[in-house]
Structure formats: structure tokens, C-alpha cells
Amino acid sequence: MSIRNRYLAAIATLILSVMSSAPTAYARDELVIYSARNEQLIKPLFDAYTQATGTEIRFITDKEGPLMQRLKSEGPNSPADLIITVDAGNLWQAAQEDLLKPVQSKVLESNIPPHLRDSGNRWFGLSIRARTVVFNTRKVSAGELSTYEDLADPKWRGRLCLRTSNKVYNQSLVAMMIAELGETRTEQVVKGWVANLATDVFPDDTKMMEAIAAGQCDVGIGNTYYFGRLKEKDASLPIALFWPNQQGSGVHVNISGAGVTRFAKHEQAAIRFLEWLSSAQAQNLFADANLEYPVNPAVKAHPTVEGWGAFKQNLINVSKAGELQVQAVKLMDRVGYK
Ligand code: FE
């Protein structure tokens, strides 16, 4: 073969190899995500991933209800590869409705502790949210606090504030208590909480914590990142966090997480993205944006979050929040927790 012909053959081989690899490369480089975590928290991650890998990410954000409804009605035609949402109760629901596909990944199994992911591998926690005790530092000393159960004690009569039981966070909290304490004991506790309420339940954690800071009540239960946001705005607010149940089973934790959809068109790309999200590189990007805790135990939380101190977390699998949700809602209804 002449040099010229050899050159042409080499070019032809190169073109052929590019052409044959093109469809695979294309399939690998695209991802469609439905996210109930808001754009402001999630977009920087998508951008970082695109920059690092070239993977193009298209996404929509909405509340988890409409997103799941959309997945259901789209069925096999859904373009979504991945759904991202908060609260194990929601992820459990998505799995229950067969919207998620089990995936095998050694990376996810090693980066994410077993109690923060589905035992059937259909969803994975990506950040931890702790639902803990918040108190007014002028009216309560940490020494008076001990457990979630203790907040049912008559010594807290007229001093407790709670968010509404309509919020999945509280449904999950009570469901996890049922898993741990049984239904009878949990019902006594929640009944005690209701008897101790200082005022009507609050529509959100922020309003509840503002009421504690204002002295309308002395103590409440909320997610730490709301506390963090309030303190960032006004460091002088007389509120602090307390880690309950440290002699027992630990602080109630929940997750924000994700699962690969049943009809994902880019399943492998979705798994790779999940693996990246659980890695040391991305965990701080994911958790810090909302002052949450990384799920990967090898990664430290944001300095502000670290500043709230270390705590022992409850190790019961968060899927119980889903499994026992209906029971929890009925229980709260029975004791008049609005
Ligand atoms: Fe929240």
C-alpha cells in the first residue's frame, strides 16, 4: 500500500470508529432528571457534573406529588432517568408505586450507610437531615432536656411548639417512633405532646422556631437546616439545638435522596451520576447548599453545621418512615395532633 493509500485507510478507520462509537457516546452523555429539590440547591451540582464529565443534564423541578404523578402517567414513555426528592417517606412511596428501578452499585453501597438507603436498592440517601429539639436559651437550659419522649411530660405543659402533622417530616418522625417504641407507647408520647402545646401547630419549621425565639413557647422539634438559616440571618436569636436520645437510640434522621426511574433511557449514566453525588467530591456540594449533613461518613459537614456538635443518630432504616406512614397519620389524628 502506498503511503497515500495507507493514510486514506487510516482516516477511513478513524471515521468508522467515531461513527460506531457515536451512538454509545451520545447515550452516555445525556441525563434527564425530575427534581423536587429546588433549582437553587440542585443546579450548581448539575453544572459541576456537566463540567467534569461532559454529561448534558436536562431537568425539571416541581413538588414531589406532581413529579410522581407525571412519572406515572408518562409510563414507559417518560424521558426521566432519575428522580430526586426529600424525605424517605416520599422515596418509599415512589418505590411502592413501582416508579423506581433497583440498581446494583458497589460504590453506592460503600458510600451510603445501609440505614439511609432502600434495602432493595431502589433509592439512596444523598444527604442527612436531622429532626431534633430546638429550645429558647433564656427559658430552658440544655440540662432540662433529654428525649423526644420527655417532651410529653407535664413539666412542658403550655411550653411546646410543633409544626403541623400534615407535613411528611412529622409523619416520618412519628412513623420512626412507632418502629422503635411500638404503637401504644408512641401514641402516649404524641398525646402528651398535644397536651403540652403552647399554641396552634405551625405551617412550617421556620415559623415554629421564630415562635420559640420570640418566647411564645420554650421548646419544639425541627430540622436543623431551618435553624441554620435563621441563625445565619440573625445570630443573636436566643435559640439553640439539643441532641435528644443520646443515651438511647439517637437523633431522628431523614434523607434527601434519589432513585433511577423504572423506564430510564440512560440507566448507566444515571447510576454514574448517583455514584458521583455520593462521592467525597460532590457530597459537600449536595449537603452544604442546604446546611444538611453528608451521607458519606468519610465527608465532613460544612463548618457551620459541624459547629452544632456531634451526635449519635438513630440507625433504624429510614424506609420505616414510608412503611409506617399510614399508621403514623392515623395515630396523630386519633390524639388530635392537627
Ligand atoms: Fe424542608
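Residues numbered from 1 in each chain as written. Predicted model: local features only at pLDDT ≥ 70, side-chain atom pairs only at ≥ 80, totals over all residues. Heavy atoms only, no water.

Engineer: Mind showing me how you'd approach the overall build of the protein here?
Structural biologist: For the protein, the helix and strand inventory stands at 14 helices and 9 strands. The dimensions of the protein, computed from C-alpha atoms along their principal axes, are 95 × 40 × 30 Å. Expressed as a percentage of the 338 residues in the protein, the buried residues total 53%. A fraction of 77% describes how many contacts in the protein between residues 6 or more apart in sequence connect residues 24 or more apart. In the form shown here, the protein has an accessible surface area of approximately 15100 Å², with 54% of it arising from carbon and sulfur atoms. (Helix = DSSP H or I, 4+ residues; strand = E, 2+ residues; numbered from the N terminus. Buried < 20%, exposed > 50% of the residue type's maximum accessible area, 1.4 Å probe, protein only. Contact = heavy atoms within 4.5 Å. Areas by Shrake-Rupley, 256 points an atom, 1.4 Å probe, with all protein chains shown as cover.)

Engineer: Just checking my understanding: could you explain the packing of helix 2 (residues 39-53) against helix 10 (residues 267-277) for this structure?
Structural biologist: Where helix 2 contacts helix 10, the axes come no closer than 12 Å and their chain directions differ by 110°. Here helix 2 is positioned roughly perpendicular relative to helix 10, judged by the angle of their axes. Crossing of helix 2 over helix 10 shows right-handed handedness. For the pair helix 2 and helix 10, contact is made by Leu45, Phe46, Ala48 and Tyr49 and by Ala269, Arg272, Phe273, Trp276 and Leu277, respectively. Among the residues forming the contact of helix 2 with helix 10, the class breakdown is 8 nonpolar, no polar and 1 charged. (Axes fitted to C-alpha atoms, helices over the stretch in contact; angles between N-to-C directions. Parallel < 35°, antiparallel > 145°, perpendicular 65-115°, else oblique. Left-handed = near helix turned anticlockwise from the far one by under 90°. Nonpolar A, V, L, I, M, F, W, Y, C, P; charged D, E, K, R; others polar.)

Engineer: I keep staring at the packing of aromatic side chains and nothing clicks. Help me out?
Structural biologist: Here a ring pair, both rings aromatic, is described through the centre-centre distance and the interplanar angle of the planes. Scanning the model with the defined rule gives 9 aromatic pairs in all. The rings of Phe46, Tyr49, Phe59, Phe273 and Trp276 are connected pair by pair, giving a single aromatic cluster. Sitting over the face of the ring of Phe286, Arg37 holds its NZ or CZ atom 4.3 Å from the ring centroid. The residue whose ring lies beneath Lys167 is Tyr169, and the NZ or CZ to ring-centre distance is 4.5 Å. (Phe/Tyr/Trp six-rings, centres within 6.5 Å; stacked < 30°, edge-to-face > 60°. Lys NZ or Arg CZ within 6 Å of the ring centre and 35° of its normal.)

Engineer: Before we go on, may I ask you to explain the packing of helix 8 (residues 205-213) against helix 9 (residues 224-233) in this structure?
Structural biologist: Between two packed helices, what matters for the description is the angle formed by their axes and the separation of those axes. At a minimum axis separation of 9 Å, helix 8 and helix 9 run at an interaxial angle of 60°. On the basis of the axis angle, helix 8 is oblique to helix 9. Here the hand of the crossing between helix 8 and helix 9 comes out right-handed. Between helix 8, through Asp205, Thr206, Met209 and Glu210, and helix 9, the contact on the second element is made entirely by Tyr226, Phe227 and Leu230.

Engineer: Explain the coordination of the iron ion to me, please; I cannot follow it from the model alone.
Structural biologist: Four donors placed tetrahedrally about a metal ideally form angles of 109.5 degrees, and six donors placed octahedrally ideally form angles of 90 or 180 degrees. Only Tyr169 (OH), Tyr225 (OH) and Tyr226 (OH) from the protein reach the iron ion as donors, at distances of 2.0 to 2.1 Å. Counting gaps between the donor residues of the iron ion yields the pattern Y-x55-Y-Y. With Tyr169 in helix 6 (residues 168-181) and Tyr225 in helix 9, this pair connects stretches of sequence that are 56 residues apart. Residue Tyr225 is classed as buried on the basis of its relative accessible area of 2%. (Donors = N, O, S within 2.8 Å, 3.2 Å for Na, K, Ca; no water.)

So far we have only geometry, and geometry alone does not tell us how the molecule works.
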